[in-house]
Amino acid sequence: MYQNSHEIDYKIIGEGVQLVEIELDPNETVIAEAGAMVYMNQGIDFETKMGDGSNPNEGFMGKLLSAGSRIFTGESLFMTHFTHRGTGKATVAFAGPYPGTVIPMDLKGCYQNEVIVQKDAFLCAALGTKVAITFNKRIGSGLLGGEGFILQKLSGNGKAFVHAGGTVIEKHLNNETLRIDTGCVVGFESSLDFNIQSSGGLKSMLFGGEGVFLATLSGTGRVWLQSMPIRKLIQAIAPYGRNSNKEGGSLLGNFLER
C-alpha cells in the first residue's frame, strides 16, 4: 500500500521551454530534485532531506540506504521538500536543467500505480510519492544500449512530473512492439517489456546514422518519448557535432571527426 499523496493543483507554463507551477494549500508539500525550483511565494518553507518522505516512519539507516541509491542515477543524495506554512494558497515553480517539456503523470492511473522513467527525468512530485531506482531485468540492455540499465521508478497515488527534451509523444501500445532510439525513451508503464536489439544489418549499423542499437518496448501500456534527448542536443550545438557533416551519427562519421 502507498501512503496517500498530497493532492496538488498545477499548471504547465510555456511552449518549447516549459516549467510547472504547483499550487499548494496550507501544509501541503511537494518534493523536487535539488536545484529545480524557479520561484516560490512567501509562506513556502523548503528543507533539504534524505529521501522522498514517502515513508515517515522509516529509520535513519533506511533513509540513508534509500537516498544513497540515488547516487547510481547521478542525482543528489538529497531532495528538497517545499511546504506551504502560510494561509490561503501559494505557488512554487520548477523547471528542468535544459530546454524541454514537462510531463504530468497521475500515478493512480498507471499500471500498478507506478511508472519507470529515465534516471535523470524526475522533476518533482506530491509528497507521498516514492522515488526509487530500478535495474533493467536484462543486463544486456544496459551494457549494449548505453542507456536504460539504471532507471527510476515513481510509485504512489498522486501526481508526479518528469522533464523531457524537445517534443513529447505519448504512445498507447496494445500488445504491440515499438522500436525507438535508445535516448528517446522518457518513461513507460511497468506492464511493458523493455529491451535492446541491434538496429539492423552491418551496413545499416555502420552507415545508417541511427546508432548500433535500438530500444524495444513490447506489450500493452503507455510509453512517453522525447524528440531531443540531451545527448542529441549536445551533439547538435557542439563545434564538431552532428551538424558538421552528414555522417556525424554513424560509426564511420564519429571516427572521421576525431
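Scroll up a little and you will see the structure.
Described in the following lines is the structure provided in the data block. Because the structure is predicted, anything quoted here is derived from the model rather than measured. (Residues numbered from 1 in each chain as written. Predicted model: local features only at pLDDT ≥ 70, side-chain atom pairs only at ≥ 80, totals over all residues. Heavy atoms only, no water.)

**Re the overall build of the chain**
In plain terms, the rule: Secondary structure elements are taken from DSSP: a helix is a run of H or I of four residues or more, a strand is a run of E of two residues or more, and numbering for both begins at the N terminus. Burial here depends on accessible area, computed with a 1.4 Å probe over protein chains only, as a share of the maximum for the residue type. Under 20% is buried, over 50% is exposed, and the range in between is partly exposed. Any two residues whose heavy atoms approach within 4.5 Å at even a single point are treated as in contact. In short, Shrake-Rupley with a 1.4 Å probe defines the accessible areas, and a residue's cover is counted only from the protein chains shown.
Of the regular secondary structure elements, the chain holds five helices and 17 strands. Out of the 258 residues in the chain, the part that is buried amounts to 43%. Considering only residue pairs separated by 6 or more positions, the chain has 77% of its internal contacts joining residues 24 or more positions apart. Carbon and sulfur atoms form 55% of the exposed surface of the chain, whose accessible area is close to 13,200 Å².

**Here's the deal with the nonpolar core**
Definition in use: Definition of nonpolar core: a set of buried residues of the types Ala, Val, Leu, Ile, Met, Phe, Trp, Tyr and Cys, connected through side-chain atoms within 4.5 Å.
Grouped together as the largest cluster of nonpolar side chains are 18 residues, with contacts concentrated most on Ile31, Ile103, Val115, Phe122, Leu154, Val162 and Val186. The element that contributes the greatest number of residues to this core is strand 13 (residues 159–164), accounting for three residues. Sequence-distant contacts of Ile103, defined by excluding residues within four places in its chain, comprise Ala160, Phe161, Val162, Ala164, Val168, Val186 and Trp224. Formed by 17 residues, the second largest nonpolar core is a distinct cluster that contains Ile22, Val30, Phe82 and Cys124.

**Structural notes on unusual backbone geometry**
Trans is the prevailing form of peptide bonds, just as negative phi is the prevailing case for residues other than glycine. Unlike most non-glycine residues, Gln112 shows phi in positive territory, near 55 degrees. Its identity as a non-glycine residue notwithstanding, Asn175 has a phi of 55 degrees, on the positive side. Looking at the element boundaries, Asn175 is found in strand 14 (residues 168–181).

**Points about the packing of aromatic side chains**
For clarity, the threshold we go by: Ring pairs shown here join Phe, Tyr and Trp side chains whose ring centres sit within 6.5 Å, with only the six-membered ring taken for Trp; geometry is labelled stacked below 30 degrees between planes, edge-to-face above 60, and tilted in between.
In total, this model carries four aromatic pairs according to the counting rule given. The interplanar angle of 70 degrees and the centroid separation of 4.9 Å between the aromatic rings of Tyr10 and Phe161 together place this pair among those described as edge-to-face. You can see Tyr10 sitting in strand 1 (residues 9–13) and its partner Phe161 sitting in strand 13, a full 151 residues away along the chain. One aromatic cluster is present, formed by Phe46, Phe82 and Phe94 through successive ring pairs.

**Overview of the environment of Ser5**
Residue placement: Ser5 occurs in the segment before strand 1. Sequence-wise, Ser5 and Lys159 are 154 residues apart; in three dimensions their C-alpha atoms are separated by 8.0 Å. If we skip the residues at most four places from it in the chain, Ser5 touches Ala126, Leu127, Gly128, Thr129, Asn157 and Gly158.

**So, the side chain of Asp181**
Which entries qualify depends on this criterion: Throughout this description, a polar contact denotes any pair of N or O atoms lying within 3.5 Å of each other; where both atoms belong to protein, one of them has to be capable of donating a hydrogen while the other can accept it, and for residues adjacent in sequence the pair is counted only when both atoms sit in side chains.
Mapping Asp181 onto the fold places it in strand 14. At a separation of 2.9 Å, a polar atom in the side chain of Asp181 contacts the main-chain amide nitrogen of Gly183.

**Observations concerning the sheet that holds strand 5 (residues 44–50)**
What counts is decided by this rule: Between any two strands, at least two bridges found by DSSP are needed for them to pair. Between N-to-C directions, angles cover 0 to 180 degrees, with each direction set by a line fitted to C-alpha atoms, over the stretch in contact for helices.
The strand order 5-6-3-10-13-8 describes an open sheet built from six strands, whose pairing is antiparallel. Here the strands that pair on one side only, and so sit at the sheet edges, are strand 5 and strand 8 (101–106). For this sheet, the mean inter-axis angle between neighbouring strands, taken without regard to orientation, is 20 degrees. When strand 8 meets strand 13, the two strands line up antiparallel, connected through six bridges. Looking across to strand 13, one finds that Asp106 is bridged to Lys159.

**Structural notes on the sheet that holds strand 7 (residues 90–95)**
Within the open sheet, the four strands sit side by side as 1-2-7-4. Their pairing is antiparallel. Both outer strands of the open sheet, strand 1 and strand 4 (37–40), are each paired with one neighbouring strand and no more. Strand-to-strand twist in this sheet, taken as the mean axis angle between neighbours without regard to direction, amounts to 20 degrees. The pairing of strand 4 with strand 7 spans three bridges and is classified as antiparallel. Opposite Met40, over in strand 7, you have Val92 as the bridge partner.

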